[in-house]
There are 2 protein chains.
Amino acid sequence: MASPVLPSSGVLSPLGLDAVRPAPGFWGDRVRLNREVIIAHCREWMEKEGWIGNFRGDLPRRGREFSDSEVYKLLEAMAWADHPDLPELAATVAAAQEQDGYLNTRWPAARYTDFEWGHELYCYGHLIQAGVARLRRHGEDELTAVVRRAADHVCRRFMDTRETCGHPEIEMALVELYRATGAERYLEMARRLVERRGLPALADVPFGRAYFQDDLPVRRATVLRGHAVRALYLACGAVDVAVETGDGDLLAAVRAQWERTVAARTHLTGGMGSRHSDESFGDDFELPPDRAYAETCASIASIMLSHRLLLATGEARYADLAERTMYNLLATATALDGRSFFYANPLQVRVPAEPLTGVNHAAEGGLRSPWFDVSCCPSNLARTLASLPAYLATGDSRGIQIHHFTPGEIACGSLRVRVETGYPWSGTVVVRVLEPGEGRISLRVPSWARGATMSHGLDVHPGYATTEGRWRPGDEIRLELPMVPRWTFPDPRVDALRGTAAVERGPLVYCAEALGDDPPLARVGVPVAPVVEHEVDGVVELEVQARVRATAPGGWPYTAVQARDDGEDVALRLVPYHRWGNRGPATMRVWLPRA
Amino acid sequence: MASPVLPSSGVLSPLGLDAVRPAPGFWGDRVRLNREVIIAHCREWMEKEGWIGNFRGDLPRRGREFSDSEVYKLLEAMAWADHPDLPELAATVAAAQEQDGYLNTRWPAARYTDFEWGHELYCYGHLIQAGVARLRRHGEDELTAVVRRAADHVCRRFMDTRETCGHPEIEMALVELYRATGAERYLEMARRLVERRGLPALADVPFGRAYFQDDLPVRRATVLRGHAVRALYLACGAVDVAVETGDGDLLAAVRAQWERTVAARTHLTGGMGSRHSDESFGDDFELPPDRAYAETCASIASIMLSHRLLLATGEARYADLAERTMYNLLATATALDGRSFFYANPLQVRVPAEPLTGVNHAAEGGLRSPWFDVSCCPSNLARTLASLPAYLATGDSRGIQIHHFTPGEIACGSLRVRVETGYPWSGTVVVRVLEPGEGRISLRVPSWARGATMSHGLDVHPGYATTEGRWRPGDEIRLELPMVPRWTFPDPRVDALRGTAAVERGPLVYCAEALGDDPPLARVGVPVAPVVEHEVDGVVELEVQARVRATAPGGWPYTAVQARDDGEDVALRLVPYHRWGNRGPATMRVWLPRA
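Conventions and cut-offs
- Residues numbered from 1 in each chain as written.
- Chains lettered and ligands numbered in written order.
- Predicted model: local features only at pLDDT ≥ 70, side-chain atom pairs only at ≥ 80, totals over all residues.
- Helix = DSSP H or I, 4+ residues; strand = E, 2+ residues; numbered from the N terminus.
- Rg over C-alpha atoms; globule rule 2.2 N^0.38 Å.
- Buried ≥ 20, exposed ≤ 12 C-beta atoms within 10 Å, placed from the backbone.
- Contact = placed C-beta atoms within 7 Å.
- Least-squares fit on C-alpha atoms with pLDDT ≥ 70 in both.
- Pairing = 2+ DSSP bridges.
- Axes fitted to C-alpha atoms, helices over the stretch in contact; angles between N-to-C directions.
- Parallel < 35°, antiparallel > 145°, perpendicular 65-115°, else oblique.
- Left-handed = near helix turned anticlockwise from the far one by under 90°.
- Nonpolar A, V, L, I, M, F, W, Y, C, P; charged D, E, K, R; others polar.
- Expected span 1.5 Å × (residues − 1).
- pLDDT = per-residue confidence, 0-100.
- Domains from an automatic or database assignment.

## Overview of the overall build of chain A
When helices and strands are tallied, chain A shows 14 helices and 25 strands. Against the globule reference of 25 Å for 595 residues, chain A gives a C-alpha radius of gyration of 24 Å, in line with a compact fold. With the C-alpha coordinates of chain A rotated into their principal frame, the extents come out at 75 × 65 × 45 Å. Here chain A holds 595 residues, and 57% of them are scored as buried. Across chain A, the fraction of contacts at a sequence separation of at least 24, relative to all contacts at a separation of at least 6, is 66%.

## Some thoughts on the relation of the copies chain B and chain A
Each copy superposes on the other: chain B lies on chain A with an RMSD of 0.0 Å after a rotation of 180° and an axial shift of 0.0 Å. Taken together, the rotation and translation describe the operation of a two-fold axis. Rotation axis and chain B: the residue whose C-alpha lies nearest the axis is B:Ser277, separated from it by 2.0 Å. In this assembly, 100% of the residues forming the interface of chain B have copies in chain A that are likewise at the interface, indicating an isologous arrangement.

## Concerning the sheet that holds strand β11 (residues 437-445) of chain B
All names here are of chain B. Judged by pairing direction, the sheet is mixed, and its five strands sit side by side in the order β1-β6-β7-β11-β14 without closing on themselves. One side of each edge strand has no neighbouring strand; the edge strands of this open sheet are β1 (13-14) and β14 (463-471). Pairing of strand β7 (residues 399-402) with β11, which is carried by four bridges, proceeds in the parallel orientation. Counterpart to Gly399 in the pairing with β11 is Arg440.

## Some remarks on the packing of helix α5 (residues 120-137) of chain A against helix α6 (residues 142-158) of chain A
Residues and elements named next belong to chain A. Where α5 meets α6, the closest approach of the two axes is 9 Å, and the angle between their N-to-C directions is 140°. Taken together, the axis directions place α5 and α6 in an arrangement best described as oblique. Considering only the axes of α5 and α6, their crossing is left-handed. Along the contact surface, α5 presents Leu121, Tyr124, Leu127, Ile128, Ala130, Gly131, Arg134 and Leu135, while α6 presents Leu143, Thr144, Val147, Ala150, Ala151 and Val154. Looking at the contact of α5 with α6 residue by residue, the classes come out as eleven nonpolar, two polar and one charged.

## Things to note about the interface of chain B and chain A
Contact with chain B, which involves 48 residues of that partner, is made by 48 residues of chain A. Looking at the side of chain B that touches chain A, the elements with two or more residues in it are α10 (248-264), β16 (486-490) and β22 (558-559) of chain B. If one sorts the elements of the side of chain B that touches chain A by residue count, β16(B) sits on top with five residues. For the side of chain B that touches chain A, the per-class residue count stands at 24 nonpolar, eleven polar and 13 charged.

## Comments concerning helix α8 (residues 184-196) of chain A
Owing to its 3.6 residues per turn, the α-helix brings residues three or four apart onto one side. Residue and element names in this part refer to chain A. The terminal C-alpha atoms of α8, which comprises 13 residues, lie 18 Å apart, in line with the 18 Å expected from a rise of 1.5 Å per residue. What α8 keeps buried is the set Tyr186, Leu187, Met189, Ala190, Arg191, Arg192, Leu193 and Val194. The elements touched by buried residues of α8 are α6, α7 (170-181) and α9 (228-245). Where α8 ends, the next residue or the one after it, Gly198, has phi of about 90°, a positive value.

## A short note on the confidence of the model for chain A
As a general rule, the predicted coordinates of low-pLDDT regions are not to be interpreted in detail. The predicted model of chain A has a mean per-residue pLDDT of 96, with 100% of residues at 70 or higher. The complex prediction reports pTM at 0.96, with the ipTM value standing at 0.94.

## Observations concerning the sheet that holds strand β9 (residues 415-421) of chain B
Adjacent strands of a sheet pair through backbone hydrogen bonds, lying either parallel or antiparallel. All names here are of chain B. With antiparallel pairing, the seven strands of this open sheet are ordered in space as β2-β8-β9-β10-β15-β12-β13. Single-partner strands in this sheet number two, and they are β2 (20-22) and β13 (458-459). In the sheet, β9 pairs with strand β10 (residues 428-433) via five bridges, with the strands oriented antiparallel. Residue pairing for β10: Val417 is matched across the bridge by Val433.

## Brief notes about the pairing of strand β23 (residues 567-576) of chain B
Residues and elements named next belong to chain B. Pairing geometry for strand β18 (residues 508-514) and β23, over three bridges, is antiparallel. Among the inter-strand pairings, Ala512 is bridged to a residue of β23, identified as Leu574. The pairing of strand β21 (residues 539-549) with β23 spans eight bridges and is antiparallel. Bridging from a neighbouring strand, Ala546 pairs with Val570 of β23.

## What to know about the packing of helix α7 (residues 170-181) of chain B against helix α8 (residues 184-196) of chain B
Residue and element names in this part refer to chain B. Where α7 contacts α8, the axes come no closer than 7 Å and their chain directions differ by 160°. Relative to α8, the element α7 is oriented roughly antiparallel. Of the two possible hands of crossing, α7 and α8 adopt the one that is left-handed. On α8, the residues that touch Ile170, Glu171, Leu174, Val175, Leu177 and Tyr178 of α7 are Glu184, Tyr186, Leu187, Met189, Ala190, Leu193 and Val194. Its residues assigned to classes, the contact of α7 with α8 comprises eleven nonpolar, no polar and two charged.

## Overview of the domain arrangement of chain A
All names here are of chain A. Splitting chain A by domain gives domain 1 (13-392), domain 2 (397-480) and domain 3 (487-593). Between the C-alpha centres of domain 1 and domain 3 the distance comes to 34 Å. Facing 24 residues of domain 1, the contacting portion of domain 3 comprises 22 residues. Sorting the residues of the side of domain 1 that touches domain 3 by element identifies α12 (316-333) and β3 (348-349) as the ones contributing at least two each. Sort the elements by how many residues they give to the side of domain 1 that touches domain 3 and α12 lands first, with six residues. The residue makeup of the side of domain 1 that touches domain 3, split by class, is 15 nonpolar, four polar and five charged.

Structure, rendered in structure tokens:
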């Protein structure tokens, strides 16, 4: 089945890319944009920057120590998309593999001399995921042969050592390769890599061992910490190992980590990671909107983790976080034209960024860039969007569960349905039966959707709303989610958000965006008052009352007198956060100071 | 005269270390602690870490590319303190100098191949400042000969190029060497280095050229930006060049930069720099208390800049900022025992740091450390405390200006006075005339000191209070500064401080410090109510009413319901910020959420 995650047990089972087929709509449009634009964009830049050329080996090597992994993520995207260029690119990669399976363009002369920063196992991880995608979507070929040789090399070289890689990733890849091939050594290798981490297995670094989750064993940790992408990838691998080995303690440990991380280390957008210096989570409740790092790759990793926990437990809260992250980060990170990307995704931008057409050397979040020195995000978006349909719905022995609503068709067992919806703009979701069938159809009712109703006005509650029966073509289930703009207030322990409120509508977080400092967002304050909706070219924009404070006098900014709240009343437009930054340099804020 | 800054013109003139002699008291104690403990501590660690050994050259080089500069700052401290070990250390350094004057232990085989990161001119800058200190405190010797050779080498090598160093510092050093020797080539070299910066003179780097102030010429900049220490050192050099060349435009440019930086990029403590990733200022009003970087070296550089602007203009606001920074950063950065130091100086710490006895690899601000990988701060403190008396008072043709109040004696012309005060605990400052004399005696009235009186109850206003006359031994001037705790509120544009207030008393910023989470500072809220004073072992502590909110329920931290403010009322102790962290791991906050 063509799905990036296929656990052998769990409450829910994935449906693959053949079973979930999005039509034009919020996600279907993005899946198509990926196939038609983003994949080619990534390939062009990797050629231009020499990262593909590194495998040819005829020019001096270019790019960072992990640039091979970008090519592998592109291969994974191509595999899911059944892209015709894959064989050629796979052949380029294959040519660089050594006799014993070793494959890395950076370290051929000094293999495994720098586990902390070398990224060799990390790169294998992405290679293996590409191979799994190819196996499931197409079958054995040159790429899968390369992958098997590399994975076998890893097992031979690392099965009985105490070493691991500074950047987790290979753990979940090896479990998936086990799932795809049945070869138990891959699972055992993954298990050992998960278990040996934190003993510790790596040298100390200036950022501290927590940076790469080597400060304590996974099963003893109580929260995700350190580098956010590393932490989340490791957690994915730990869930996969736990599920395949029936290790309930390990699964419980990761679930507890997820819980505290969501309660204290996650931005409203679902973004994770607060510190730029080491790309780390930071402390509990350290969630600055302006310096939110919220790396695109961390949001992808978070969706991967929540999806795994959803499959394992069937609990709606995992799908809730995935939805939040999909609509407010996955959708935000890519420009509407698919040709530029955010690396960091802050919730406030004070100074409009200057447009950039070349490689972005920084990872600041004020503008989308076509490419980065560390360009992990674009190719990660490409492989995620290519496999996204597999995240939208699942099945079990009794029927279909639809977690994320987008137009398209879903098939599972004897059930075949079409989803018709304008979600997230409209809250009406119609599931229409296409063929005679039998079983349960479950629709997720998001946690924000209090007052939702199903079919004949039946009240339904957050979680899953289920209808069971024998179905005939034309039967329909109608879910009505209340799409009412709502004010959201932060936990008072989030110091950086004190005295502010945000507006959400359905799964979407909204923000104020100002081009040319109009209005001046540094001086805006809002009352918590009714919100007005406007439809603009199919997009729902919102409007709130606001007051623009007169300019402060300047001088020393800490005074014995409290600033007054007087100023001019204005109407403040709010746009969906995922659409900000598409109209040129702008200031932006999600959290609005309260007047 | 033994002063680190001796402009040939300006409104005020420095008084040297012979003229200003602190007695036991707030600053006198710290000057003595430096002489007796800190200088030796720095020397021990530099020996242990091999940074002094690098000059001997018999072992593989150790330390970062700028470690030579630490030895030079130690030499400067020793020079001001007339330390007996100086000649021996100077001889060690001298042995490493090459024939043509080049001196650097890192790059002898590849000199001047990396201007962006090589730090060669930066190191010369500190070497030259050590030499100036030696010249002024002692006279010519082996160290000053080394310095002249190095400075002449720099002039020969760089006078007619367009190159400069990634880290400013040499500019002000060369001007001071000119002032100490009269050799105009040093001034001209400094002038050219200031002018060529930003043309640009350096290659671009991932942080961008603003990181090392090469984005635009000094005279065109409107604010300090990029790496805070670099920006402030460059501004010092620009002021020095402006003063010596009579360049009013350049001076005005730096004054305008200072003004906007103080209005929008300075923490309540006087600390500068908000970002950890590139040690930079960040945007206007980006002033997070928890992630304040506020590097100790930046505070020293800020004091150096304000002192220069004070000398040039005589305006009290520069002394005001210097005082704020001295009491709340210079005094904070060193532990009471003089054996550990802060690198970063945040205004909020949520998680108690674990104690550390060895080298600190990070620059986080939760605990003081005996040494750092990048250990610029301890030696910078050593040289600054060794020369601190020269910052306390100045003279002009008509008398003495006392800017900072600490017990001790001051002599200028025919005036010789003793200052008696318990400042900053007490607001009473008595200036007692010791010998017959004539002239003006001016005392600074800090900007916070509204309601101050002088001698016979005369009202005085922020700025300088001046008395003129013929003086007889025993005559006294008495300044009464109102030492009343006061609430301070942030400019609403400082998003990270919304809904909070801080307490100050005199020049001191106060903070709540909790050992063992008692009280839990994450859940404290305060009304703006009267503050109670307590004297504890000669230190004034404060007490405010507070309410400890009941623990929040956990789960997703952004909700439709606003948190209630109910909880238990407690008395919250506040300690001077400069004393926090001396009693073991603790949480801390300067800005208190308002109940």
